Amino acid sequence: MATDYKFEGWMGESAESADGKMVWKEFEPKKWEENDIDIKVTHSGICGSDLHTLRSGWGATRYPCVVGHEIVGVAVRVGSKAEGNIKVGDIVGVGAQSDSCLGRGPKPCKPCQVDEEPYCINGNINTYGSLHRNGDKAYGGYALYHRAPSHFVVRIPEGLAPEYAAPMLCGGVTVYSPLRHWGVGPGKKVAVAGVGGLGHFAVLFAKALGADEVVGISRRASKRDEALALGCDDYIATEDDADWAAHNAHRFDVIISTVSSAKMPLAEYLTTLALDGSMVQVGAPEEPVPLPVFPLILGRRSLAGSAIGSPKEIREMLQFAADKKVKPLVELRPMADANQAIVDMDAGKARFRYVLVNDN
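Here the residue index of a chain counts from 1 through its sequence in written order. In keeping with the predicted nature of the model, local features appear solely for residues at pLDDT of at least 70, side-chain atom pairs appear and are counted solely at 80 or more, and the whole-chain, interface and lining totals rest on all residues. Side-chain measures were taken over the full set of non-hydrogen atoms in the model, leaving aside hydrogen atoms and water.

Novice: I keep staring at the overall build of the protein chain and nothing clicks. Help me out?
Specialist: Only DSSP runs of H or I reaching four residues or more are called helices, and only runs of E reaching two or more are called strands; each is numbered from the N terminus. Secondary structure assignment for the protein chain yields ten helices and 17 strands. Radius of gyration (C-alpha) of the protein chain: 20 Å, near the 21 Å computed for a compact globule of 360 residues. C-alpha atoms of the protein chain, sized along the principal axes, occupy 65 × 45 × 40 Å. To be clear on the numbers: accessible area is Shrake-Rupley with a 1.4 Å probe, and residue cover counts the displayed protein chains and nothing else. Within the structure as shown, the protein chain displays about 15,400 Å² of accessible surface, and the carbon and sulfur contribution to it stands at 50%. When charges are counted, neither His nor the chain ends are considered; positive counts come from Lys and Arg and negative counts from Asp and Glu. To locate a charge, the coordinates of NZ of Lys, CZ of Arg, CG of Asp or CD of Glu are taken. Taken as two groups, the 39 positive and 45 negative side-chain charges of the protein chain have centres that lie 3 Å from each other. Radius of gyration means the value over C-alpha atoms here, while the globule rule gives 2.2 Å times the residue count to the 0.38 power.

Here is the structure:
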């Protein structure tokens, strides 16, 4: 069945595309299957992963590549075998994962069978830069239309604006998932290392979950007012106090680290954890990070990692955000200005997330 719309988007053709040199082109989406859904993209969040991928920071990218995995839009075509009871006209979204083994095939995958698809042992397929199970290339949401397997398409609940929902589909759930998994709520003291695009979501969700204390940690004092305005109860500027770690020793039950620099003061972060505290790393540096062993041993502390969230977690998070009226700080940018927007994002100008909008 031919469609009356074209798949066009911002194409990264080399590592230079991260410098604002993406090119608008038509592309061929994955071949239509009856479990697919076509989405007319209205909003597409800009995520740090987009920049890492465009410049091949995490390894060689399959160029050409259309990035964008915080996609919200209108379902315009729904396959006869689509999941989720989604209808044409529904407002839907797709996050950073587009496919997995779904617990099927010759090697049963336990994570997929228990709604933990991001940890699929047979291969997590990203929304862009990957190959679908049928071998076709996956293209993202800096585009007019997006095609995705329906298992990973979620309905946006009423009461949650699309410009808020879009950056939650990756940035939001990347911190919501570990906050929930590590039991953040009343009785917990939480620190957020790196109060930026991801970190500001961690602050908002930790407060909404009822944590006793939420503290922002960053290098510069210049972010203090922003952090407190977001809802932080306190703020630590590490460049202003040489003994900041000692002054906050054993203070936190959980640290969510969004820092993506290999130069992060990991040993100092760990010493601020209480007995049996956990530091959860969600930022993904492009270089290896040395592991300080003694701060882990001496406090019976844990250093963990967490990926994105499953479709089940995304649905839960979106409804939670709608119910609690969680409103991230976003700036809308025209899709036509995507090149300038990623340059501004890389320069740290976003406060706190950019969302591309298709005017048509």
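Once you've had a look at it, read on.
Novice: Help me understand unusual backbone geometry, please; the structure alone is not making it clear to me.
Specialist: Most peptide bonds are trans, and most residues other than glycine sit at a negative phi. Note that the residue after Y63, namely P64, is joined by a cis bond; omega there is -5°. Tracing the backbone through its elements, the reader meets P64 in the loop between α1 (48-54) and β4 (71-78). In this model, R351 is joined to F352 through a cis peptide bond whose omega is 5°. Looking at the element boundaries, F352 is found in the loop between α10 (338-346) and β17 (353-357). Unlike most non-glycine residues, L102 shows phi in positive territory, near 60°. Along the chain, L102 turns up in the loop between β6 (97-99) and α2 (110-113). Classification of L102 as buried rests on a relative accessible area of 13%. Relative accessible area decides the class of each residue, using a 1.4 Å probe on protein chains only: under 20% of the type maximum gives buried, over 50% gives exposed, and in between gives partly exposed.

Novice: Please clarify how the packing of helix α3 (residues 162-181) against helix α9 (residues 311-324) should be interpreted in this entry.
Specialist: Packed helices, taken two at a time, are described by their axes: the angle between them and the distance between them. Inter-axis angles, ranging from 0 to 180 degrees, are taken between N-to-C directions of lines fitted to C-alpha atoms, where helices are fitted over the stretch in contact. Where α3 contacts α9, the axes come no closer than 9 Å and their chain directions differ by 100°. Between α3 and α9, the crossing angle belongs to the class labelled roughly perpendicular. Residue-level contacts link A165, M168, L169, G172, V173, Y176, S177 and R180 of α3 to E313, I314, E316, M317, L318, F320 and A321 of α9. Each residue gets one of three labels, nonpolar for Ala, Val, Leu, Ile, Met, Phe, Trp, Tyr, Cys and Pro, charged for Asp, Glu, Lys and Arg, and polar for the others, Gly among them. Looking at the contact of α3 with α9, its residues break down into ten nonpolar, two polar and three charged. Roughly parallel here means an angle under 35 degrees, roughly antiparallel means over 145, roughly perpendicular means 65 to 115, and every remaining angle is called oblique. Any two residues whose heavy atoms approach within 4.5 Å at even a single point are treated as in contact.

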